[in-house]
Amino acid sequence: MTADELFATPLQYLKGVGPRRAADLEHAGLHTVEDLLYRFPNRYEDRSRLQPIVSLRPGQAASIAGRILSCGLRFTRRPGFKIFEALVADESGPMRAVWLNQPFLRDVFAAGQHVVFYGVVDARGGAGLQLTNPQYEILDDEDGETIHTGRIVPVYEKIGSVTPKIQRRLVFDVLQRLPSEVPDHLPEELRLRLQMPARHAALLATHFPPADASIEALNRFATPPQRRLIFEEAFLFQMGVLARRQAAASEQKTATIRVDDRIRDSARRVLPFRLTTGQKQALKEIVDDLQRPQPMNRLLQGDVGAGKTIVALLAALVAMENGLQVAFMAPTEILAEQHFLNISRLLQSSRFRVALFTGSTSTAARKQQLAEVEAGSVHLVVGTHALVQGDVRFHQLGLVVIDEQHRFGVLQRATLRGKGLSPDVLVMTATPIPRTLALTLYGDLDVSVIRDTPPGRLPVRTFAKPESRHDEVFEFLRGQIDAGRQAYVIYPLVEESDKIDLKAATEMADHLAQEIFPSDKVGLLHGRLKADAKDRVMKAFAAGELHILVSTTVVEVGIDVPNATVMLIEHAERFGLSQLHQLRGRVGRGAAQSFCFLLYQSPLSEEARERLKAMTDTTDGFEIAERDLRLRGPGDFFGTRQAGMPTFRLIDLVRDRELLDVAGVEAARWFETAAPPPQALDRMLQAWADRFRLMEIG
Ligand code: ADP
Ligand code: MG
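Remember, it's a predicted structure, so these values are computed and weren't measured experimentally. (Residues numbered from 1 in each chain as written. Chains lettered and ligands numbered in written order. Predicted model: local features only at pLDDT ≥ 70, side-chain atom pairs only at ≥ 80, totals over all residues. Heavy atoms only, no water.)

Enquirer: Before we go on, may I ask you to explain the overall build of the protein in this structure?
Expert: On a plain count of helices and strands, the protein comes out with 24 helices and 21 strands. Within the protein, the fraction of its 698 residues that count as buried is 52%. Of the accessible surface of the protein, which amounts to about 31900 Å², a share of 52% is contributed by carbon and sulfur atoms. (Helix = DSSP H or I, 4+ residues; strand = E, 2+ residues; numbered from the N terminus. Buried < 20%, exposed > 50% of the residue type's maximum accessible area, 1.4 Å probe, protein only. Areas by Shrake-Rupley, 256 points an atom, 1.4 Å probe, with all protein chains shown as cover.)

Printed below as a string of structure tokens:
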């Protein structure tokens, strides 16, 4: 059997994998031998130096091997609390191991078994030493000595019925059968230059490390064999990104865009202020793209208030001056309206006509608008994200701007292509995305970032306070409202259907309205309200008719109310960091100093404490995003998995950033020198799409 045949072998054909285990493996996404081998152990244990029991000292982590003398459940005085206890002995003597509340161990252990325990040694007063909740393995097979002890052993995460020990056995057997001639995904020249081990050696040493390997480096996944495998995945990923870019580059726009002095003048005329350096740079990148023959796929990132809208509008102006139409899309009707008012005002003195498409436009008016857009007499259309997908037909659509895109993949190029369109696309987001995530999420998007803010903005002052200090915060709020300002009070609502939370928000609104601020107007906003009711509340708040807006997180994306200077978040410990930051971004939009209060319920978990600390430490969205990524891991970064994160087998986006960078550079270099033919690229793209499941955007 060749190596590739072995890699492709379904796991169910392996000795020791019956239907039950095959199903469990399958369920965890492990189908083939390759899947099994390209899965790191959770950790490594040095069992080459199993410690004699007599030599153990309290506080140290130790592996011991011995026989079970006796074992059983012990009941304690605390009702319902059970301890399973085993007495184990090696040649040097006996010791105890105990597990708290794991009564099922009764069916796992029996006297006479040969076992390995791994855990931290505790001193038990006069009772000697013990291991509490140690990891365990029962060694009953004859070759236990070579695979499971007497060396550094890999410890895999349990998969249903497939224990770490069974997996170790499976991996060991497969590696025994793996021919030394394994085709290598990495070009030889590159591998040698980077001094990386060959694939075969890397797989071997990753799963069964040599005796002289550093256990500490192994557990950091930093040994050369491990890094080689990580690099391999990163390299293939980056090649896929490049292949996709190359495919995108073959698409051609129907119209060409030029920029001359007349257009620059026209832009200057609509510009109400001086652009910041960040805005200028972003605009330059966008306008450069507009002038290329291929459609632009660009993401414009900038924290809330960074001033993305004007940049997009200037880009729109360039397109319109070139005789093209622009679709400007927002996530909600109210935001669309806001953009419409803004843009109409800025374009007032120009010759361009702007239309707003919303659900509330009357049928007759809509018909009229549709006709004008189709005829080309309306130049810029503002609407919600459904705009381009809907029944709107353009005369010549040149640019699509998508604002506040949180759900990736909403607008797919394929949809546009289906309508015979290949416009430039500019996606804007206020969700600051850490660099490595941006790379993987938007592999084939170009990214512009505005990191500075318009002059004169005061950073929001943020305070975390325990719930018990509510009164102080209300008093402060009182002062702000008396000074003519407005405030948000946010309640967590994890699920829209969460009645209890909804009740809490409703009660809070009543409480504030009746008892705390009886002479002020308090509004309530939540996801259960119908769209027009929501709009009404938001508009009343924006117009200053409401002083306090009690809301669930539906207010997160959206509205610009510069007069609101207080953001009070209840149960702040329940929110994710990026979400807290988004909420805070609702204030600090005017010239006055704004404040954010994070009220929390004690005791705080370690992670919640970190989140609140990050919020009080910094207002820099990118810094927040980095911390969030570290706290939550990439899988949870967007709250849900379905956000389209590519699934890596070995890469950890936080740990392996620098390897990803190197892989990016090397992949680009390889692409240039090897110039792969189109068929090879197609195959690569297919394999890549299956493998990384990156979403389509742009
Ligand atoms: P966001 O990036 O969150 O979409 P906006 O585009 O809504 O931010 O801009 C926020 C506010 O800042 C708006 O009122 C806008 O007019 C203003 N603004 C944007 N750029 C500048 C600038 N260079 N100088 C002064 N004010 C600006
Ligand atoms: Mg905006």
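Read on, since the account is not over.
Enquirer: Any chance you could explain the environment of Arg589 here in plain terms?
Expert: By secondary structure assignment, the location of Arg589 is in the loop between α20 (577–584) and β21 (595–600). Put simply, Arg589 and Ala564 are 25 residues apart on the chain and 8.0 Å apart in space, counted from C-alpha to C-alpha. In terms of polar contacts, Arg589 uses its side chain to reach the backbone carbonyl oxygen of Gly585, at 3.1 Å. (Polar contact = N/O pair within 3.5 Å; in protein donor to acceptor, adjacent residues only side chain to side chain.)

Enquirer: Please clarify how the sheet that holds strand β14 (residues 424–429) should be interpreted in this entry.
Expert: Sheet strands pair by backbone hydrogen bonding; their relative direction is either parallel or antiparallel. Reading across the sheet, the seven strands line up as β11-β12-β10-β13-β14-β9-β15 and stay open at both edges, with parallel pairing between neighbours. Of all the strands in the sheet, just β11 (354–356) and β15 (446–450) have a single pairing partner and so form its edges. Direction aside, the axes of adjacent strands within the sheet are offset by 20° on average. As paired strands, strand β10 (residues 325–330) and strand β13 (residues 397–402) are joined by five bridges and run parallel to one another. Residue pairing across strands places Gln325 opposite Leu397, the latter belonging to β13. (Pairing = 2+ DSSP bridges. Axes fitted to C-alpha atoms, helices over the stretch in contact; angles between N-to-C directions.)

Enquirer: I would appreciate a short explanation of the site of ligand 1 in the present structure.
Expert: The environment of ligand 1 is formed by 14 residues, the closest being Arg274, Gly305, Lys308, Thr309 and Arg457. The contact in question runs from an oxygen atom of ligand 1 to an N or O atom on the side chain of Lys308, over 2.8 Å. Protein contacts shield 78% of the accessible area of ligand 1, which totals 560 Å² for the unbound molecule. (Near = heavy atom within 4 Å.)

Enquirer: Would you mind going over the packing of α20 against helix α21 (residues 606–617) with me for this structure?
Expert: Packed helices, taken two at a time, are described by the angle between their axes plus the distance between the axes. Direction vectors running N to C along α20 and α21 enclose 35°, while the axes themselves pass 10 Å from each other. Once α20 is placed against α21, the crossing between them reads as right-handed. Where α20 abuts α21, its residues Leu577, Leu580, His581 and Arg584 lie against Arg611, Leu612, Ala614 and Met615. Residue composition of the contact of α20 with α21, by class: five nonpolar, one polar and two charged. (Left-handed = near helix turned anticlockwise from the far one by under 90°. Contact = heavy atoms within 4.5 Å. Nonpolar A, V, L, I, M, F, W, Y, C, P; charged D, E, K, R; others polar.)

Enquirer: Help me out: how do you make sense of the sheet that holds strand β16 (residues 461–466) in this one?
Expert: Spatially, the six strands line up as an open sheet ordered β16-β21-β20-β17-β19-β18, and their pairing is parallel. Two strands bound the open sheet, and with one partner strand each, they are β16 and β18 (522–525). Pairwise comparison of adjacent strand axes, ignoring direction, gives a mean angle of 15° for this sheet. Where β16 and β21 come together, six bridges link them in parallel fashion. Note that in β21 the partner of Pro466 across the bridge is Tyr600. Across the face of the sheet, helix α17 (residues 470–482) comes into contact with β16, β17 (486–490), β19 (548–551), β20 (564–569) and β21 while running at roughly 165° to β20. The sheet contacts of α20 involve β16, β17, β20 and β21, and relative to β20 the element is tilted by about 155°.

Enquirer: When you look at helix α14 (residues 363–375) in this model, what are you seeing that I'm missing?
Expert: Think of an α-helix as turning once every 3.6 residues; residues three or four places apart then point the same way. Counted at 1.5 Å a residue, the expected span for α14 with its 13 residues is 18 Å, and the 18 Å between its end C-alpha atoms agrees. All buried positions along α14 are accounted for by Gln369, Leu370, Glu372 and Val373. Viewed along the axis of α14, the buried residues span an arc of 165°, placing them on a single side of the element. Opposite its buried face, α14 presents the exposed residues Thr363, Ala364, Lys367 and Ala375, each directed more than 90 degrees away. Of the surrounding secondary structure, the elements contacted by the buried residues of α14 are β10, β11 and β12 (380–384). Residue Gly376 follows α14 closely and has a positive phi angle near 90°. (Expected span 1.5 Å × (residues − 1). Arc of directions from axis to C-beta.)

Enquirer: Would you mind showing me how to read the pattern of salt bridges here?
Expert: Between side chains of opposite charge, a pair can form as their charged atoms come close. This structure, assessed with the given rule, holds 45 salt bridges. Residue Glu45 pairs with Arg43 through a salt bridge whose shortest N-O separation is 2.8 Å. Assigned by exposure class, Glu45 and Arg43 land together as buried. For Glu623, the salt bridge identified is with Arg627, shortest N-O distance 3.0 Å. Of this pair, Glu623 and Arg627 both sit in helix α22 (residues 621–632), four residues apart, which is roughly one turn of the helix. (Salt bridge = Lys/Arg side-chain N within 4 Å of Asp/Glu carboxyl O.)

Enquirer: Which parts of the structure should I look at to understand unusual backbone geometry?
Expert: Trans is the prevailing form of peptide bonds, just as negative phi is the prevailing case for residues other than glycine. Look at the link from Ser602 to Pro603: it is a cis peptide, with omega at -5°. Locating Pro603 in the fold gives a position in the loop between β21 and α21. For Asn101, which is not glycine, the phi dihedral falls at a positive 50°. Considering the arrangement of structural elements, one finds Asn101 in the loop between β4 (93–100) and β5 (114–123).

Enquirer: I tried to follow the packing of aromatic side chains on my own but got confused; where do I start?
Expert: For any two aromatic rings, the description comes down to two numbers: the centre-to-centre distance and the angle of the planes. With the rule as written, the count across this model stands at 18 aromatic pairs. Between Phe109 and Tyr136 the ring centres are 4.9 Å apart and the planes differ by 65°, which places this aromatic pair in the edge-to-face class. Here Tyr136 lies in strand β7 (residues 135–138) and Phe109 lies in the loop between β4 and β5, a separation of 27 residues in the sequence. According to the relative accessible area criterion, Tyr136 is partly exposed, its value standing at 30%. Through pairs of rings, three or more aromatic residues link up here, namely Phe84, Trp99, Phe109, Phe117 and Tyr136. (Phe/Tyr/Trp six-rings, centres within 6.5 Å; stacked < 30°, edge-to-face > 60°.)

Enquirer: Even after reading the chapter, I still don't get the nonpolar core, so can you show me in this structure?
Expert: Most often, soluble globular proteins keep nonpolar side chains buried together rather than apart. Counting residues in hydrophobic clusters, the biggest one holds 55 residues, and the most contacted among them are Leu14, Leu37, Leu178, Leu203, Phe231 and Phe235. For this core, the secondary structure elements donating two or more residues are α1 (3–8), α2 (19–27), α3 (33–37), α5 (164–177), α7 (199–207), α9 (224–249) and α23 (657–674). The leading source of residues in this core is α9, at nine residues. In this structure Leu14 touches Val33, Leu36, Leu170, Val174 and Arg177, once residues within four positions along its chain are discounted. Listed in part, the 44 residues of the second largest apolar core include Ala255, Leu314, Leu317 and Met320. (Core = buried A, V, L, I, M, F, W, Y, C linked by side-chain atoms within 4.5 Å.)

Enquirer: Would you take a moment to explain the environment of Leu324 for this structure?
Expert: As for its placement among the helices and strands, Leu324 is situated in the loop between α12 (308–321) and β10. Overall, Leu324 belongs to the buried group, its relative accessible area being 5%. Separated by 69 residues in the primary sequence, Leu324 and Ala255 place their C-alpha atoms 8.2 Å from one another.

Enquirer: I'm lost on the confidence of the model for the protein in this one. Help?
Expert: In low-pLDDT segments, the atomic positions of the prediction should not be examined closely. Here the protein averages 86 in pLDDT, while 88% of its residues score no lower than 70. Within the protein, helix α11 (residues 277–290) carries the highest mean pLDDT (97), whereas helix α15 (residues 413–418) carries the lowest (64). Counted against residues more than four places away or in other chains, residues 638–644, with its pLDDT under 50, gives 17 contacts. Every residue in residues 694–698 scores below 50 in pLDDT, and together they form 26 contacts with partners more than four places removed in sequence or on other chains. (pLDDT = per-residue confidence, 0-100.)

Enquirer: Sorry if this is basic, but what is going on with α20 here?
Expert: In terms of burial, α20 is a largely internal element, seven of the eight residues being buried. Every buried residue of α20 is listed here: Leu577, Ser578, Leu580, His581, Gln582, Leu583 and Arg584. Here the buried face of α20 lies against β16, β17, β20, β21, α21 and α22.

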